[in-house]
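# Descriptive structure summary
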Amino acid sequence: MAEKLVKGARISGGTRDKLATDLKKQYESGKSIRELASETGRSYGFVHRLLSEAGVTLRGRGGATRGKARKKA
């Protein structure tokens, strides 16, 4: 479901279930929440909530991690 949804429109029932299933498949295949939000025209928070409701195990944030710096030999 790559088409953009009407901004601000309430999504419920079967439409919400289908969207959650589609987003879950795409997220599990490697797309980010931000990419999914942009493609659907919905907010990051909406997509995050929908994935959580669908039982998706969300990935951790990427990039540099904070921790003790390793000493170079």
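Residues numbered from 1 in each chain as written. Predicted model: local features only at pLDDT ≥ 70, side-chain atom pairs only at ≥ 80, totals over all residues. Heavy atoms only, no water.

To continue, consider the layout of surface pockets. One number sums up the size of the largest pocket: a volume of about 250 Å³. Elements represented by at least two residues in the lining of the largest pocket include exactly helix 2 (33–40) and helix 3 (44–53). Taken together, the residues of the lining of the largest pocket break down into four nonpolar, three polar and three charged. (1 Å grid on protein atoms, 1.4 Å probe; cavity = no way out; pocket = protein on both sides within 12 Å on 5 of 7 lines; lining within 4 Å. Points joined across faces, edges and corners; volume = space filled by probe spheres on them. Helix = DSSP H or I, 4+ residues; strand = E, 2+ residues; numbered from the N terminus. Nonpolar A, V, L, I, M, F, W, Y, C, P; charged D, E, K, R; others polar.)

Residues at a pLDDT of 70 or more form 79% of the protein, whose mean pLDDT is 84. Predicted confidence in the protein is weakest over helix 1 (residues 13–28), with a mean pLDDT of 93, and strongest over helix 3, with 95. (pLDDT = per-residue confidence, 0-100.)

What follows covers the packing of helix 1 against helix 2. Packing of helix 1 against helix 2 brings their axes to within 10 Å, and their N-to-C directions diverge by 135°. Regarding the angle of helix 1 to helix 2, the classification is oblique. In the packing of helix 1 onto helix 2, the handedness of the crossing is right-handed. Side by side, helix 1 and helix 2 meet where L19, L23, Q26 and Y27 of the first sit next to I33, L36, E39 and T40 of the second. (Axes fitted to C-alpha atoms, helices over the stretch in contact; angles between N-to-C directions. Parallel < 35°, antiparallel > 145°, perpendicular 65-115°, else oblique. Left-handed = near helix turned anticlockwise from the far one by under 90°. Contact = heavy atoms within 4.5 Å.)

In this section: the packing of helix 1 against helix 3. For any two helices packed against each other, the geometry is given by the interaxial angle and the distance between the axes. Running from amino to carboxyl end, helix 1 crosses helix 3 at an angle of 90°, the nearest separation of the two axes being 9 Å. By the angle class used here, helix 1 and helix 3 are roughly perpendicular. Of the residues in helix 3, those in contact with R16, L19, A20, L23, K24 and Y27 of helix 1 are F46, V47, L50, L51 and E53. Residue composition of the contact of helix 1 with helix 3, grouped by class: eight nonpolar, no polar and three charged.

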